[in-house]
Amino acid sequence: EAGVAQSPRYKIIEKRQSVAFWCNPISGHATLYWYQQILGQGPKLLIQFQNNGVVDDSQLPKDRFSAERLKGVDSTLKIQPAKLEDSAVYLCASSLEAAALNEQFFGPGTRLTVL
Amino acid sequence: QKEVEQNSGPLSVPEGAIASLNCTYSDRGSQSFFWYRQYSGKSPELIMFIYSNGDKEDGRFTAQLNKASQYVSLLIRDSQPSDSATYLCAVSGGGSYIPTFGRGTSLIVHP
């Protein structure tokens, strides 16, 4: 079974530029999560999708971050414009359903550096 | 705002010893508790989960939950250098499946 795929693995941009990350979850997983992990901290949930609907986006800075999962499969997370404090690893994870956190699998992450 | 607290460490133990990692949480309604292992530069990997008070054992790992004290711990028996990693505690429940992570405890197992 293939795992959660993410791209790119690394991205370096200057502040005020835009960036987009892509995630393809494990086949059949209805729930998809985007986390932000700043160095030295635990992952912070940005947004959770159930199929193509948003379950929770309360911690997503909506003035600059957006995410979509149009067909209920893969997802993109965008930052526009980026700030220095957005430097972090962006982790995508998926699970069969929202309640199945015991079966949540993480992708390799995208390390973003904002200069 | 749900909070999950962990000592950032590092916790240093000799090979073969028992490593004890601790976590406290603020939401008394929390129902599900998870421990993840994260190697440097890698993504988190789930190693244990527990839902009921008491102990749950899986190989060298034991998770302990005390809901009255809002405390969950992870014991690693016969610690190996390959166990050196950051251990993240995560909590969910109280009407939401949204997980809240602690900042993690760095464990170093030295030969």
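Here is a short report on the structure shown in this document. (Residues numbered from 1 in each chain as written. Chains lettered and ligands numbered in written order. Predicted model: local features only at pLDDT ≥ 70, side-chain atom pairs only at ≥ 80, totals over all residues. Heavy atoms only, no water.)

## Quick look at the packing of aromatic side chains
Under the defined criterion, the tally for this structure stands at 11 aromatic pairs over all chains. When the centroid spacing of 5.6 Å and the interplanar angle of 90° are considered together, the rings of Tyr35 of chain A and Phe101 of chain B count as edge-to-face. A residue pair is termed interchain when its members come from two chains, as with Tyr35 of chain A in strand E4 (residues 31-37) and Phe101 of chain B in strand E10 (residues 100-101). Phe101 of chain B matches Tyr35 of chain A in its accessibility class, with the two residues each being buried. Through pairs of rings, three or more aromatic residues link up here, namely Tyr33, Tyr35 and Phe106 of chain A together with Tyr36 and Phe101 of chain B. One Lys or Arg, Lys56 of chain B, reaches over the ring of Phe49 of chain B and ends 3.5 Å from the middle of that ring. Positioned over the ring face of Phe61 of chain B is Arg60 of chain B, at 5.6 Å from the centre of the ring. (Phe/Tyr/Trp six-rings, centres within 6.5 Å; stacked < 30°, edge-to-face > 60°. Helix = DSSP H or I, 4+ residues; strand = E, 2+ residues; numbered from the N terminus. Buried < 20%, exposed > 50% of the residue type's maximum accessible area, 1.4 Å probe, protein only. Lys NZ or Arg CZ within 6 Å of the ring centre and 35° of its normal.)

## Considerations on the nonpolar core
In this structure, Trp35, Val72, Leu74, Ile76 and Tyr87 of chain B are the most contacted members of the largest nonpolar core, which totals 23 residues. Of all the secondary-structure elements, those providing two or more residues to this core are strand E3 (19-25), strand E4 (30-38), strand E5 (45-50), strand E7 (61-66), strand E8 (71-76), strand E9 (85-93) and strand E11 (105-110) of chain B. Ranked by size, the runner-up nonpolar core spans 21 residues in total, among them Leu32, Leu60, Leu112 and Val114 of chain A. (Core = buried A, V, L, I, M, F, W, Y, C linked by side-chain atoms within 4.5 Å.)

## Things to note about the interface of chain A and chain B
Tallying the contact residues gives 20 residues for chain A and 18 residues for chain B. For the pair chain A and chain B, the summed buried area comes to about 1500 Å², and 60% of that belongs to carbon and sulfur atoms. Of all residues in chain A, Leu101, Asn102 and Phe106 of chain A bury the most surface against chain B, accounting for 35% of the area lost on that side. Here chain A is connected to chain B by zero salt bridges. The tally of links from chain A across to chain B stands at three residue pairs in polar contact (both at pLDDT 80 or more). Looking at the side of chain A that touches chain B, the elements with two or more residues in it are E4 and strand E5 (44-50) of chain A. Grouping the amino acids of the side of chain A that touches chain B by side-chain chemistry returns nine nonpolar, nine polar and two charged. (Contact = heavy atoms within 4.5 Å. Buried area = accessible area lost by both parts, 1.4 Å probe. Salt bridge = Lys/Arg side-chain N within 4 Å of Asp/Glu carboxyl O. Polar contact = N/O pair within 3.5 Å; in protein donor to acceptor, adjacent residues only side chain to side chain. Nonpolar A, V, L, I, M, F, W, Y, C, P; charged D, E, K, R; others polar.)

## With respect to the side chain of Thr62 of chain B
Take Thr62 of chain B: it is sitting in strand E7. Reaching out from Thr62 of chain B, the side chain makes a polar contact with the side chain of Arg77 of chain B at a distance of 2.6 Å.

## Considerations on the sheet that holds strand E6 (residues 54-58) of chain B
What the five strands build is an open sheet, ordered E1-E3-E8-E7-E6 (chain B); its pairing is antiparallel. Every other strand in the sheet has two partners, leaving strand E1 (4-5) and E6 of chain B as the edge strands with one partner each. (Pairing = 2+ DSSP bridges.)

## Details of unusual backbone geometry
Across the junction of Ser7 of chain A and Pro8 of chain A, the peptide omega takes the value -10°, indicating a cis bond. A positive phi angle is found at Asn51 of chain A, which is not glycine, with a value near 55°. Within the secondary structure, Asn51 of chain A sits in the loop between E5 and strand E6 (53-56). Residue classification places Asn51 of chain A among the partly exposed positions, given a relative accessible area of 39%. Phi at Gln70 of chain B is positive, roughly 55°, even though this residue is not glycine. Within the fold, Gln70 of chain B resides in the loop between E7 and E8. Exposure remark for Gln70 of chain B: the relative accessible area of 12% places this residue in the buried category.

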